[in-house]
Amino acid sequence: MAAVLTECDLHCHSQALGAMAKRLESAAVGREGEKDLLLFLKSITQHPPTVGPLERLHPQDCAEIYRLGIKENGIYTIQPDLNRPPLEAKCDMETAGGGWTVIQNRQDGTLDFNRTWQEYREGFGSPLGEHWLGNAALHALTHTGQHQLRIELEDWHQQRRYATYNNFKVASEAQRYRLTAREFSGDAGNALSYSKRYNHDGRSFSTADRDHDRYSTGNCGQYYGAGWWFDACLAANLNGRYYRGCYTGVTDGIYWGTWYILTDVRTGERYSFKRVEMKTRPRNFVGTS
């Protein structure tokens, strides 16, 4: 198939086709190679002839992959920004209709989320496990059109809740990756708009080495050891330190204040979640219910 593609006239750039042919030839035999081939074939047949594959060799997000007919959960190659290299992302094709691009995952504490501004911009970890997709990718995924954010939480008693925001956007780096998270629904409570002092919606992203929070006498990112859209400082911090349930001291765990309170008055302990997953898709996406 790769050899045929390089010879056929599909109004494509031969250089791009040649690169894809090499990629297909080197792909391992099996379902992963088949998925790459199928995605490529569908992308070049569904785009208008005036659009060359050099501009869009990969789907923009998991919603586009779903619309191409690939409806299995898995790790796929996407390219949210044409000016940046493609990247690997986990796609949730089942939850609430599917089409979700997973942008953050916490599950076992194997990855340190106390990272620099640059690391949060570029992303870190692996979509196979704990990871942050990257603020540059978040901006590219959400800066045009309307998008949803879904947050799924699991405590250490196998209880699960979720929060959905029907108006989700991450601004550019020049705007400090400012968060928009509005139009809440779900059973986990709206911790991103908790109160006047602890309101993450509309706040800039902060890390220990880039202080953009509204806490005038300190650095929330440094104090809580994470990158997040801090206010002064937090009612939620899903990038906090991974604790196995209860802990004491600074509230630097994985925190969602509208489910578990800040401190248990009986024990003085705080609570950190077992599992968190953040994911996004276009607001107008229609999948299977």
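For the structure, check the block above.
Residues numbered from 1 in each chain as written. Predicted model: local features only at pLDDT ≥ 70, side-chain atom pairs only at ≥ 80, totals over all residues. Heavy atoms only, no water.

**Observations concerning the overall build of the protein**
(1) Moving on: Scanning the protein from terminus to terminus reveals 7 helices and 13 strands.
(2) Moving on: Here the contacts in the protein between residues at least 6 apart in sequence split such that 55% fall between residues at least 24 apart.
(3) Moving on: Total accessible area on the protein stands at roughly 13900 Å², and carbon and sulfur atoms take up 48% of it. (Helix = DSSP H or I, 4+ residues; strand = E, 2+ residues; numbered from the N terminus. Contact = heavy atoms within 4.5 Å. Areas by Shrake-Rupley, 256 points an atom, 1.4 Å probe, with all protein chains shown as cover.)

**With respect to the pattern of salt bridges**
(1) Moving on: If you walk through the whole model with that rule in mind, you get 17 salt bridges.
(2) Moving on: With a closest N to O distance of 3.2 Å, Glu 152 and Lys 279 form a salt bridge. With Glu 152 in strand E6 (residues 147–154) and Lys 279 in strand E13 (residues 275–282), this residue pair connects regions lying 127 residues apart in the sequence. The same class applies to Glu 152 and to Lys 279, which are both buried.
(3) Moving on: With its nearest N and O atoms 3.2 Å apart, the salt bridge here joins Asp 264 to Arg 266.
(4) Moving on: Asp 264 gets classed as partly exposed once you look at its relative accessible area, which sits at 22%. (Salt bridge = Lys/Arg side-chain N within 4 Å of Asp/Glu carboxyl O. Buried < 20%, exposed > 50% of the residue type's maximum accessible area, 1.4 Å probe, protein only.)

**Quick look at the environment of Leu 138**
(1) Moving on: Tracing the backbone through its elements, the reader meets Leu 138 in helix H6 (residues 135–142).
(2) Moving on: In this view, Leu 138 contacts Ile 103, Trp 132, Val 170 and Trp 229; residues no more than four positions away in its chain are not counted.

**As for the side chain of Arg 203**
(1) Moving on: By secondary structure assignment, the location of Arg 203 is in the loop between strand E8 (179–186) and helix H7 (220–224).
(2) Moving on: Here the side chain of Arg 203 touches Asp 231 through a polar contact of 3.3 Å, side chain to side chain.
(3) Moving on: Setting aside residues no more than four positions away along its own chain, Arg 203 makes contact with Tyr 177, Arg 178, Leu 179, Lys 196, Arg 214, Trp 229, Phe 230 and Asp 231. (Polar contact = N/O pair within 3.5 Å; in protein donor to acceptor, adjacent residues only side chain to side chain.)

**With respect to the pairing of strand E1 (residues 74–78)**
(1) Moving on: Of all 5 residues that make up E1, 4 are buried, and the element is covered over most of its length.
(2) Moving on: Taken together, the 5 bridges between E1 and strand E2 (residues 87–92) define a ladder with antiparallel strand orientation. Following the sheet pairing, Tyr 76 is matched in E2 by Ala 89. (Pairing = 2+ DSSP bridges.)

**Description of the state of the cysteines**
(1) Moving on: As enumerated under the stated definition, the model contains 2 disulfides in all.
(2) Moving on: For Cys 62, the disulfide goes to Cys 91, at an S-S distance of 2.0 Å. When the S-S torsion is -75°, as for the bridge of Cys 62 with Cys 91, the disulfide is left-handed. Highlighted residues: Cys 62 in helix H4 (residues 62–67) and Cys 91 in strand E2, separated in sequence by 29 residues.
(3) Moving on: Take Cys 91: its relative accessible area is 1%, and that puts it in the buried class.
(4) Moving on: Note that Cys 220 is cross-linked by a disulfide to Cys 233, the S-S spacing being 1.9 Å. Taking the sign of the S-S torsion, -85° for the link of Cys 220 and Cys 233, the bridge is left-handed. One end of the pair, Cys 220, is in helix H7; the other, Cys 233, is in the loop between H7 and strand E9 (236–237), with 13 residues separating them in the sequence. Per residue, the accessibility class of Cys 220 equals that of Cys 233, and both read buried. (Disulfide = S-S within 2.5 Å.)

**A word on the packing of aromatic side chains**
(1) Moving on: Following the criterion strictly, the structure yields 21 aromatic pairs and no others.
(2) Moving on: Centre to centre, the rings of Phe 205 and Trp 229 are 5.1 Å apart; their planes meet at 85°, and the pair counts as edge-to-face. Here Phe 205 is found in the loop between E8 and H7, whereas its partner Trp 229 is found in the loop between H7 and E9, with 24 residues between them in sequence. Of the two residues, Phe 205 and Trp 229, both sit in the buried class.
(3) Moving on: Joined through ring pairs, the aromatic side chains of Phe 113, Trp 117, Tyr 120, Phe 124, Trp 132, Tyr 177, Phe 205, Trp 228 and Trp 229 make up one cluster.
(4) Moving on: Lying across the ring of Tyr 162, Arg 150 places its NZ or CZ 4.4 Å from the centre. (Phe/Tyr/Trp six-rings, centres within 6.5 Å; stacked < 30°, edge-to-face > 60°. Lys NZ or Arg CZ within 6 Å of the ring centre and 35° of its normal.)

**A short note on the nonpolar core**
(1) Moving on: By size, the foremost hydrophobic cluster in this structure holds 58 residues, and its most contacted members are Ile 151 and Trp 256.
(2) Moving on: Those residues within four positions of Ile 151 in sequence are excluded, and the remaining contacts are Arg 161, Tyr 162, Ala 163, Tyr 165, Leu 192, Leu 238, Trp 256, Val 276, Glu 277 and Met 278. (Core = buried A, V, L, I, M, F, W, Y, C linked by side-chain atoms within 4.5 Å.)

**Looking at the environment of Pro 127**
(1) Moving on: The residue Pro 127 is located in the loop between strand E4 (124–125) and strand E5 (131–132) in this model.
(2) Moving on: Using a relative accessible area of 14% as the deciding quantity, one classes Pro 127 as buried.
(3) Moving on: The spatial distance from the C-alpha of Pro 127 to the C-alpha of Gly 74 is 9.3 Å, given a sequence separation of 53 residues.
(4) Moving on: Setting aside residues up to four positions removed in sequence, Pro 127 forms contacts with Ile 75, Glu 88, Ala 89 and Lys 90.

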